[in-house]
Amino acid sequence: MKPWQSLKIAFSMYSKIPMPKTDWTSANLGYAFCFFPLVGVPIGALLAFWHFITSLLSIHPVLFASVACVIPLGVTGGIHLDGFCDTVDALSSRQPREKKLEILKDPHTGAFAILGCIAYFLLAFGFWTQLSPAWPEIIVLGLSFVLSRSLSGLSVVTFRPAKNSGLLKTFSDAAQKQTAAMVCAIVSAACFGIMAVFSWPLSLACLAGSGLSFLYYRIMSYRQFGGITGDIAGYFLQLCELSMLGCVIFTQLILGGTYL
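It should be emphasised that the depicted structure is a prediction, and the values quoted were computed from it without experimental measurement.

Brief notes about the environment of proline 201
Move 1: Assignment of secondary structure puts proline 201 in helix 12 (residues 200-225).
Move 2: Here the alpha-carbon distance between proline 201 and glutamine 252, two residues 51 residues apart in the chain, equals 8.8 Å.

Things to note about a nonpolar patch on the surface
Move 1: On the surface, a nonpolar cluster with roughly 570 Å² of combined accessible area is contributed by Phe49, Phe52, Leu56, Leu57 and Trp135.
Move 2: Here the nonpolar patch gets 4 residues from one element, more than from any other, and that element is helix 4 (residues 40-57).
Move 3: Looking at the element boundaries, leucine 57 is found in helix 4.

Concerning the nonpolar core
Move 1: In terms of nonpolar packing, the biggest core is built from 71 residues, with Leu47, Trp128, Leu131, Phe225 and Val248 touching the most fellow members.
Move 2: Setting aside residues no more than four positions away along its own chain, leucine 47 makes contact with Phe64, Ala68, Ile71, Trp128, Ile138, Leu141, Gly142 and Phe145.

Observations regarding helix 12
Move 1: Given a rise of 1.5 Å per residue, 26 residues ought to cover 38 Å, and the 36 Å separating the end C-alpha atoms of helix 12 matches this to within 8%.
Move 2: Backbone nitrogen of leucine 202 and a side-chain oxygen of the N-cap are separated by 3.3 Å at the start of helix 12; the cap is serine 199.
Move 3: Where helix 12 ends, the next residue or the one after it, glycine 226, has phi of about 80°, a positive value.

A look at the packing of helix 9 (residues 135-158) against helix 12
Move 1: It is the contact of helix 9 with helix 12, at a shortest axis distance of 11 Å, that shows an interaxial angle of 25°. The pairing of helix 9 with helix 12 is recorded here as roughly parallel in orientation. For the element pair helix 9 and helix 12, the recorded crossing hand is right-handed. Here Pro136, Glu137, Val140, Leu147, Leu151 and Ser155 of helix 9 come into contact with helix 12, specifically with Leu202, Cys206, Ser210, Phe214 and Tyr217.
Move 2: Residue classes in the contact of helix 9 with helix 12 are distributed as 8 nonpolar, 2 polar and 1 charged.

Overview of the environment of valine 75
Move 1: Topologically, valine 75 is positioned in helix 5 (residues 61-76).
Move 2: The exposure class assigned to valine 75 is buried, which follows from its relative accessible area of 8%.
Move 3: Along the backbone, valine 75 and leucine 47 are 28 residues apart, and their C-alpha atoms lie at a distance of 11 Å.
Move 4: In contact with valine 75, other than residues within four places in its own chain, are Ser15, Lys16, Ile17, Val39, Pro42, Ile43 and Leu46.

Remarks on the packing of aromatic side chains
Move 1: Applying the stated criterion across every chain yields a total of 15 aromatic pairs.
Move 2: Between the aromatic rings of phenylalanine 159 and phenylalanine 214, the centroid separation amounts to 5.3 Å while the plane-to-plane angle is 45°, which identifies the pairing as tilted. With phenylalanine 159 in the loop between helix 9 and helix 10 (167-174) and phenylalanine 214 in helix 12, the pair connects residues that are 55 residues apart, well separated along the chain.
Move 3: Taken together, the ring pairs connect Phe84, Tyr120, Phe121, Tyr216 and Tyr235 into an aromatic cluster.
Move 4: One cation-aromatic arrangement involves arginine 218 over phenylalanine 159; the distance from NZ or CZ to the ring centre is 5.9 Å.

Remarks on helix 7 (residues 97-105)
Move 1: The complete set of buried residues in helix 7 reads Lys100, Leu101, Ile103 and Leu104. Angular distribution of buried residues about the axis of helix 7 spans 155°; they occupy a single face of the element. Turned more than 90 degrees away from the buried face of helix 7 sit Glu98 and Lys105, all of them exposed.
Move 2: Its buried side turned inward, helix 7 meets helix 6 (79-93), helix 12 and helix 13 (230-255).

Observations concerning the pattern of salt bridges
Move 1: Taken as a whole, this structure holds 2 salt bridges when the rule is applied.
Move 2: Between glutamate 102 and lysine 99 there is a salt bridge, with the nearest N and O atoms lying 3.9 Å from each other. Of this pair, glutamate 102 and lysine 99 both sit in helix 7, 3 residues apart, roughly one helical turn.
Move 3: Lysine 99 gets classed as partly exposed once you look at its relative accessible area, which sits at 38%.

Section: unusual backbone geometry
Move 1: Although it is not a glycine, serine 58 adopts a positive phi angle of roughly 55°.
Move 2: Within the element layout of this structure, serine 58 appears in the loop between helix 4 and helix 5.
Move 3: Within the chain, arginine 94 stands out as a residue other than glycine whose phi angle is a positive 55°.
Move 4: Note that arginine 94 resides in the loop between helix 6 and helix 7.

Reading the values: rules and limits
Residues numbered from 1 in each chain as written. Predicted model: local features only at pLDDT ≥ 70, side-chain atom pairs only at ≥ 80, totals over all residues. Heavy atoms only, no water. Helix = DSSP H or I, 4+ residues; strand = E, 2+ residues; numbered from the N terminus. Patch = residues over 30% accessible without salt bridge, like charges linked within 9 Å, V, L, I, M, F, W, Y side chains within 5 Å. Areas by Shrake-Rupley, 256 points an atom, 1.4 Å probe, with all protein chains shown as cover. Salt bridge = Lys/Arg side-chain N within 4 Å of Asp/Glu carboxyl O. Core = buried A, V, L, I, M, F, W, Y, C linked by side-chain atoms within 4.5 Å. Buried < 20%, exposed > 50% of the residue type's maximum accessible area, 1.4 Å probe, protein only. Contact = heavy atoms within 4.5 Å. Expected span 1.5 Å × (residues − 1). Polar contact = N/O pair within 3.5 Å; in protein donor to acceptor, adjacent residues only side chain to side chain. Axes fitted to C-alpha atoms, helices over the stretch in contact; angles between N-to-C directions. Parallel < 35°, antiparallel > 145°, perpendicular 65-115°, else oblique. Left-handed = near helix turned anticlockwise from the far one by under 90°. Nonpolar A, V, L, I, M, F, W, Y, C, P; charged D, E, K, R; others polar. Phe/Tyr/Trp six-rings, centres within 6.5 Å; stacked < 30°, edge-to-face > 60°. Lys NZ or Arg CZ within 6 Å of the ring centre and 35° of its normal. Arc of directions from axis to C-beta.

Here it is, written out as structure tokens:
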């Protein structure tokens with residue numbers, strides 16, 4: 001196994017960034033989740049660049065918020081949002097567990113998925129328009145895209161799969177679970193540490209948002225589905241990012257932009 005091969009698999013699977021062709025062998029798949037959090041780096045970098053451009057050109061906050069909403073979608077191609085929509089459909093069906101799992105596999109988009117997606121972007125857009133962007137906020141929120149992926153990766157290698165088949169099961173079985181879990185945990189801790197350097201109140205806000213999302217994710221997935229699937233992991237990632245954004249906004253409103 002070469003780290004470069006696992007890195008390419010992580011980016012080719014979870015982003016739209018072009019990657020050279022690589023062999024999806026068990027050895028290469030085993031360490032893919034060690035590099036999964038890095039997919040959040042270009043999202044955070046693009047957010048920082050967009051903030052720089054908007055500050056330079058005095059662009060209206062509405063346009064800033066609109067682009068901030070679609071940056072993650074442009075980098076990932078919507079793979080996690082697809083899981084979010086499928087999971088919303090399954091949860092809203094109020095069907096037995098087996099039927100919910102069938103809904104997750106259904107390629108058709110249900111009404112609840114569309115409504116959930118609209119609600120998600122309305123909330124995200126509202127939060128971004130409310131943000132008074134300065135570099136501490138932008139750096140913290142940029143790191144939140146790395147943090148959400150490290151927590152999602154941690155869940156894949158530690159939570160129980162809901163099914164004995166599927167892409168997540170393939171990745172989970174091939175993963176070097178102890179190594180991947182350790183790397184994802186270290187990346188999560190590093191994200192919190194760097195956030196705290198720039199603003200400890202905002203880092204605590206992200207800790208609250210991500211922690212509550214992770215707890216809900218664990219309880220909901222086991223109760224409703226008997227474990228996790230790739231779609232449910234994508235649902236968590238989207239929910240985690242929205243929760244952290246919302247917690248940062250409310251912290252900013254409460255403290256009035258003073259981060260001592």
